[in-house]
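Take a look at the letters that make up each chain.
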Number of protein chains: 2
Amino acid sequence: MTEPSVHRAAPYRDEHLELDFERGVALLDSIPMVLTRKEYELLAMLVANEGEIVPREVLLLRVWGYGKEIRTRTLDVHIRRLRKKLGPYGDRYIQTIFGTGYRFQRYREPRSAPSFATALAAART
Amino acid sequence: MTEPSVHRAAPYRDEHLELDFERGVALLDSIPMVLTRKEYELLAMLVANEGEIVPREVLLLRVWGYGKEIRTRTLDVHIRRLRKKLGPYGDRYIQTIFGTGYRFQRYREPRSAPSFATALAAART
DNA sequence: CAGCGATTTACAAAACTTTTACAAGTCGAA
DNA sequence: TTCGACTTGTAAAAGTTTTGTAAATCGCTG
């Protein structure tokens with residue numbers, strides 16, 4: 001029984017990043033990230049929509065409460081700080097969708113040479 | 001009758017600090033701390049929630065009975081005195097969560113090989 | 001009324017957010 | 001391909017809010 005997402009709680013987890021929405025805590029390689037409130041909210045918003053594009057407009061509305069009439073670059077600055085704090089994974093996790101917004105992408109193992117065996121294993125799924 | 005932890009009683013203990021909630025006594029490096037009532041209550045509240053952020057609002061409510069309409073700096077002053085009385089460990093035990101509250105963190109032995117994440121966490125940038 | 005603990009006051013300092021001013025990058029049209 | 005308009009990246013400066021701190025004041029209680 002895959003009990004669906006009740007509300008907004010199921011923690012995110014991959015090889016390097018862990019995010020507990022309930023506690024409001026993010027771990028990078030098992031070490032707590034030191035995030036400001038806005039940084040956390042921004043990251044949480046992106047991670048909660050993992051794999052999906054979140055338009056600038058939406059981020060500015062939900063994290064900042066800004067309407068589309070407001071012109072600001074604070075979102076970009078925060079994205080930059082987040083990427084920095086995500087270290088080597090920053091650019092991989094947070095992708096820029098030009099003209100639209102940003103997308104958080106789950107970490108994927110950098111496969112080297114996909115062997116026949118792995119291909120088979122994948123195919124069997 | 002040694003009634004086990006019925007409610008909120010299990011003593012806290014780490015390398016330097018010991019807190020007996022039942023007796024209302026705290027030992028720092030085995031020496032009894034001299035705490036005023038408010039100081040003790042504040043410390044107890046934090047230690048009881050070890051590792052978790054306790055919002056200012058909650059502390060002000062539970063220790064002082066203040067509602068969110070009250071604006072005061074007495075919490076900060078008490079935190080400061082507590083830190084002072086905790087000596088060298090003050091800042092380590094009681095962490096400030098900017099814009100939110102405070103967190104009591106169990107004492108941890110200093111680590112060796114710093115990873116990227118540890119470096120970041122230390123840098124706080 | 002003395003003494004102690006709690007609270008307020010008044011700044012100083014720190015942490016965080018936003019803006020500014022360009023640089024760099026993207027994309028479509030000519 | 002090159003140009004031009006527009007979008008995003010970035011560093012640093014400004015601005016804002018929150019927290020730290022010392023000292024003064026308040027209020028009990030003995």
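For clarity, every value in this text was computed on a predicted model and none was experimentally measured.

Caption draft 1: Broad picture of the protein's contact with DNA strand D. Close to DNA strand D lie 20 residues, the nearest being Asp76(A), Thr96(A), Asp76(B), Arg80(B) and Thr96(B). When contributions to the surface near DNA strand D are tallied by element, the ones reaching two or more residues are helix 3 (74-85) of chain A together with helix 3 (74-85) of chain B. Partitioning the surface near DNA strand D into residue classes produces 6 nonpolar, 6 polar and 8 charged.

Caption draft 2: Geometry of the sheet that holds strand 2 (residues 17-20) of chain B. All names here are of chain B. With antiparallel pairing, the 4 strands of this open sheet are ordered in space as 1-2-3-4. Every other strand in the sheet has two partners, leaving strand 1 (12-13) and strand 4 (31-32) as the edge strands with one partner each. As defined by bridge partners, strand 3 (residues 25-28) adjoins strand 4 across 2 bridges and the pair is classed as antiparallel. Across the sheet, the residue bridging to Leu-27 is Pro-32, located in strand 4.

Caption draft 3: View of the environment of Arg80(B). Mapped onto the secondary structure, Arg80(B) falls in helix 3. Judged by local crowding, Arg80(B) falls into the exposed class, with 12 C-beta atoms found within 10 Å.

Caption draft 4: Main features of the packing of helix 1 (residues 37-48) of chain A against helix 2 (residues 56-64) of chain A. All names here are of chain A. The N-to-C vectors of helix 1 and helix 2 enclose an angle of 130°; their axes lie 10 Å apart at closest approach. One finds that helix 1 runs oblique with respect to helix 2. For the pair helix 1 and helix 2, the crossing hand works out as right-handed. Residues Lys-38, Glu-41, Leu-42 and Met-45 of helix 1 touch helix 2, and the partners they reach there are Leu-59, Arg-62 and Val-63. Class assignment for the residues of the contact of helix 1 with helix 2 results in 4 nonpolar, no polar and 3 charged.

Caption draft 5: Inspection of the pairing of strand 6 (residues 94-97) of chain B at higher detail. Residue and element names in this part refer to chain B. With 4 bridges joining them, strand 6 and strand 7 (residues 101-104) adopt antiparallel strand pairing. Counterpart to Thr-96 in the pairing with strand 7 is Tyr-102. Between strand 6 and strand 7, which pair antiparallel in sequence order, lie 3 residues; one of them, Gly-99, sits at a positive phi of approximately 80°.

Basis of the calculations
Residues numbered from 1 in each chain as written. Chains lettered and ligands numbered in written order. Predicted model: local features only at pLDDT ≥ 70, side-chain atom pairs only at ≥ 80, totals over all residues. Near = placed C-beta within 6 Å. Helix = DSSP H or I, 4+ residues; strand = E, 2+ residues; numbered from the N terminus. Nonpolar A, V, L, I, M, F, W, Y, C, P; charged D, E, K, R; others polar. Pairing = 2+ DSSP bridges. Buried ≥ 20, exposed ≤ 12 C-beta atoms within 10 Å, placed from the backbone. Axes fitted to C-alpha atoms, helices over the stretch in contact; angles between N-to-C directions. Parallel < 35°, antiparallel > 145°, perpendicular 65-115°, else oblique. Left-handed = near helix turned anticlockwise from the far one by under 90°. Contact = placed C-beta atoms within 7 Å.

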